Amino acid sequence: ASADDWTRRSIYQVVTDRFALGNGSSPPCNTDNRAYCGGNWQGIISKLDYIQQMGFDAVWISPIVENIQGRTSEGEAYHGYWSQNINSLNSNFGSANDLKALAAALHARSMFLMVDVVVNHLVANPTNTSDISPETFDYSLLQPFGGQNAFHSQCFISDYTNQTNVEQCWLGDSGLPLLDIDTENSTIVDTMNTWIKDLVSEYSIDGLRIDTAKHIRQDFWPAFAANASVYTVGEVLIGDVTYAAPYTSVLGSVLDYPTYYGVYNAFTSGTSGNMSAIASLVTQAQDQYNHGTFYVGSFVENQDNPRIQSTVTDQSIVKNVMAWPFINDGIPILYYGQEQGYQGGNDPSNREALWLSGFDTENKPLLTHVTTLNAARKQAISANSSFLTTKAKFISQPDSSTLAISKPPMLTLLTNGGNSSSVKWSIPSSANLFSGSETVVDVLSCNTVTTASDGSLSVTASSGLPQVLMPASALSESGSLCKSS
Ligand code: ABC
Ligand code: CA
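Chemist: Would you explain the state of the cysteines in this entry?
Modeler: A full pass over the atoms with the stated rule returns 3 disulfides. What pairs with Cys29 in a disulfide is Cys37, and their sulfur atoms sit 2.1 Å apart. The sign of the S-S torsion, about 80 degrees, decides the handedness of the disulfide formed by Cys29 and Cys37: right-handed. The burial state of Cys29 is the same as that of Cys37; both residues are buried. Note that Cys155 is cross-linked by a disulfide to Cys169, the S-S spacing being 2.0 Å. Residues Cys155 and Cys169 are joined by a disulfide whose S-S torsion is about -100 degrees; by sign, that bridge is left-handed. In this pair, Cys155 is assigned in the loop between strand S6 (121–123) and helix H5 (163–168) and Cys169 in the loop between H5 and strand S7 (171–173), connecting sequence segments 14 residues apart. Taking only the cysteines that form disulfides and numbering them from first to last, the protein has the pattern 1-2, 3-4, 5-6.

Chemist: Mind showing me how you'd approach the coordination of the calcium ion (ligand 2) here?
Modeler: For a metal with four donors in a tetrahedral arrangement, the ideal angle between donors is 109.5 degrees, while six donors in an octahedron ideally sit at 90 or 180 degrees. Only Asn120 (OD1), Glu167 (O), Asp180 (OD), Asp180 (OD) and His215 (O) from the protein reach the calcium ion (ligand 2) as donors, at distances of 2.3 to 2.6 Å. Sequence spacing of the donors to the calcium ion (ligand 2): N-x46-E-x12-D-x34-H. One end of the pair, Asn120, is in the loop between strand S5 (112–117) and S6; the other, Asp180, is in strand S8 (residues 176–180), with 60 residues separating them in the sequence. For the pair shown, Asn120 and Asp180 are each scored as buried.

Chemist: How should I be thinking about the packing of helix H10 (residues 257–267) against helix H11 (residues 275–288) in this particular structure?
Modeler: Axes are the key here: two packed helices are described by the angle between their axes and the distance separating the axes. Across the interface, H10 lies against H11 with an axial gap of 8 Å and an inter-helix angle of 170 degrees. One finds that H10 runs roughly antiparallel with respect to H11. Counting all contacts with H10, which are made through Pro258, Thr259, Gly262, Val263, Ala266 and Phe267, the residues of H11 involved are Met275, Ile278, Leu281 and Val282. Considered class by class, the residues forming the contact of H10 with H11 number 8 nonpolar, 2 polar and no charged.

Chemist: Got a minute to help me understand the site of ligand 1 in this structure?
Modeler: Lining the immediate environment of ligand 1, one finds 21 residues, of which Lys214, His215, Glu235, Asp304 and Asp347 sit closest. Arg34 is positioned such that a nitrogen or oxygen atom in its side chain is 3.0 Å from an oxygen atom of ligand 1. At a separation of 2.7 Å, an oxygen atom of ligand 1 approaches a polar backbone atom of Gly239. In isolation ligand 1 has 1100 Å² of accessible area, and contact with the protein removes 68% of it.

Chemist: Hey, could you run me through the nonpolar core in this one?
Modeler: One recurring pattern in soluble globular proteins is that nonpolar side chains are buried together. With 141 residues, the main nonpolar core has Tyr12, Phe19, Ile61, Trp195, Leu208, Trp221 and Trp324 as its most contacted residues. A total of 8 residues in this core trace back to one element, the largest contributor, which is helix H12 (residues 315–327). Sequence-distant contacts of Leu208, that is, excluding residues within four places in its chain, are made with Met114, Val115, Val117, Ile196, Val200, Ala228, Val230, Tyr231, Thr232 and Val233. If you look at the next biggest cluster of nonpolar residues, it comprises 15 residues, including Leu411, Phe434, Val459 and Ala461.

Chemist: Would you explain H10 in this entry?
Modeler: Since there are 3.6 residues in each turn of an α-helix, residues three or four apart along the chain are aligned in direction. Here H10 lies mainly inside the structure; 9 of its 11 residues are buried. Here H10 has its buried residues at Tyr257, Pro258, Thr259, Tyr260, Gly262, Val263, Tyr264, Ala266 and Phe267. Buried positions along H10 lie against helix H8 (241–244), H11, H12 and strand S16 (410–415).

Chemist: Please clarify how the pairing of S16 should be interpreted in this entry.
Modeler: Two faces make up the sheet, and in a regular strand the side chains alternate between them. Counting buried residues in S16 gives 6 out of 6 residues, a clear majority hidden from the surface. Taking every second residue as pointing to the same face, both faces of S16 are buried, with Met410, Thr412 and Leu414 on one and Leu411, Leu413 and Thr415 on the other. Two strands pair when backbone bridges link them, and strand S15 (residues 402–407) and S16 are joined in this way by 6 bridges, in the antiparallel orientation. Across the sheet, residue Leu403 finds its bridge partner in S16, namely Leu414. Here S15 folds back onto S16, and the loop between the two strands holds 2 residues. In this sheet, strand S21 (residues 467–471) lies alongside S16 in antiparallel orientation, the contact comprising 3 bridges. Bridging across to S21, Leu413 finds its partner in Gln467.

Chemist: How do you make sense of unusual backbone geometry when you look at a structure like this?
Modeler: Trans peptide bonds make up the majority, and among non-glycine residues the majority have a negative phi. Cis geometry is adopted by the peptide bond preceding Pro348, which originates at Asp347 and carries an omega value of 10 degrees. In this fold, Pro348 is placed in the loop between strand S13 (331–335) and helix H13 (365–383). The step from Pro408 to Pro409 runs through a cis peptide bond, and the omega angle for that step is 5 degrees. A positive phi is found at Arg34, a non-glycine position, where the angle reads about 50 degrees. The residue Ser204 is not glycine, and still its phi comes out positive at about 50 degrees.

Chemist: Help me understand the sheet that holds S7, please; the structure alone is not making it clear to me.
Modeler: Spatially, 3 strands are ordered S6-S8-S7 in an open sheet, and the strand pairing comes out antiparallel. Each end of this open sheet is capped by a strand with a single partner; those strands are S6 and S7. Adjacent strand axes in the sheet meet at a mean angle of 35 degrees, parallel and antiparallel pairs treated alike.

Rules behind the numbers
- Residues numbered from 1 in each chain as written.
- Chains lettered and ligands numbered in written order.
- Predicted model: local features only at pLDDT ≥ 70, side-chain atom pairs only at ≥ 80, totals over all residues.
- Heavy atoms only, no water.
- Disulfide = S-S within 2.5 Å.
- Buried < 20%, exposed > 50% of the residue type's maximum accessible area, 1.4 Å probe, protein only.
- Helix = DSSP H or I, 4+ residues; strand = E, 2+ residues; numbered from the N terminus.
- Donors = N, O, S within 2.8 Å, 3.2 Å for Na, K, Ca; no water.
- Axes fitted to C-alpha atoms, helices over the stretch in contact; angles between N-to-C directions.
- Parallel < 35°, antiparallel > 145°, perpendicular 65-115°, else oblique.
- Contact = heavy atoms within 4.5 Å.
- Nonpolar A, V, L, I, M, F, W, Y, C, P; charged D, E, K, R; others polar.
- Near = heavy atom within 4 Å.
- Polar contact = N/O pair within 3.5 Å; in protein donor to acceptor, adjacent residues only side chain to side chain.
- Areas by Shrake-Rupley, 256 points an atom, 1.4 Å probe, with all protein chains shown as cover.
- Core = buried A, V, L, I, M, F, W, Y, C linked by side-chain atoms within 4.5 Å.
- Pairing = 2+ DSSP bridges.

And the structure:
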């Protein structure tokens, strides 16, 4: 599927090992152990109702290829990022038939499959951790290359301001080195291009999340993306828009890390959090990225960062943050477990087993919240054929703890004030969002307000809750939002 196909989607990200077991069991899973807990592809298949009923129509799964086995000083390869043989699958997650069955089950529901892929490195379990000099690795296990000459010479990344160092030195550390593949070598480049082409076709993959994209030279990526011939979203882990921007020209787009940091900081520092920084980051990204921010992956949690609720548990603030990916230009991504209120901190605590929640759909306000947000976005797409190609705009507000985002027919009002705050909003007629004396619905609460005769809007947000406003006329008969039943 193309980037345009993906823009109407919303993505549920799972850590395959931590989502569900195919046999329906719920074994204990202590994240501190950094060990496999048993989740697998059959488990995902068995819980597609759970994912789809929240309104998601794409699933991003962990890397699928064979990883190093056994325990390292940093635990087991349960997350899937320690590839050893890219031509074989990670049997902990299932068989080739299981993975094909997952793709087929998704497609039967008109859902997309996104697979995480790692091209930057392979991992060899050091035979002797007190001596990790290059000669000590068993290269024969590292397939399809099998020799030391497939890797850049050993050096650990030491200077993130030196791009050659970032690209050609190694991630990891002496405890567990990630051997950096020589992606300057044309034979290796050809191997990778053929590999991705075959992988996408063999498993009917609809899109790829590209791990460690900034650790490979930019001009490696266009041919790789062309061979993939599906949407590719690169992980460029950086807070800086200008650094990320060129990757949006060599890949489908990037995960929107700069905005993630802006949003995280704005909502986790009390009312001193800088809300206008979000507006300025997004505006920069809209200006600098290829295709603006329409193709970015928009997220507020993932497997590498502490969950929002490890820092802030005020449910009003949490609901504001969670709204972000669904109301801006990018493709929304929800990291599994946020809907269940998970609170894990840094890796590995943020990789809790979802089955321990019992897949509860009845008593989880955040699950209801995300279901509504998905429905609101879908409704906006169907009400305005230009929704997906109209840039989000910010309407300036006097109160620095607020942010008003216009993306017609949606107007979203966010605040970091928390549940004891109350905000009086004024949206001027010059915002050109509504007509005069029009009924406008906050689809999160189903409260309605009426605009003034000039189309301006005054509305109060109580308890620091976010509001997603749409004209009543944009809520169609067929839609499910705010229908009294
Ligand atoms: C292991 C241990 C952890 C331990 C960690 C250091 O080592 O398990 O307990 O804390 C996989 C596993 C991890 C494992 C690693 C290493 O492998 O999931 O559990 O951690 O063995 C991707 C994936 C990630 C994956 C890998 C490796 C890569 O999403 O899940 O990790 O395949 C760098 C890379 C980035 C990578 C990330 C983990 O490390 O660029 O691709 N993620 C700065 C640098 C970034 C750097 C980041 C963290 O630090 O610029 O390049 O990411 O080290 C902003 C700045 C940024 C700054 C951030 C922190 O702040 O603008 O520049 O990022 O404001
Ligand atoms: Ca590299």
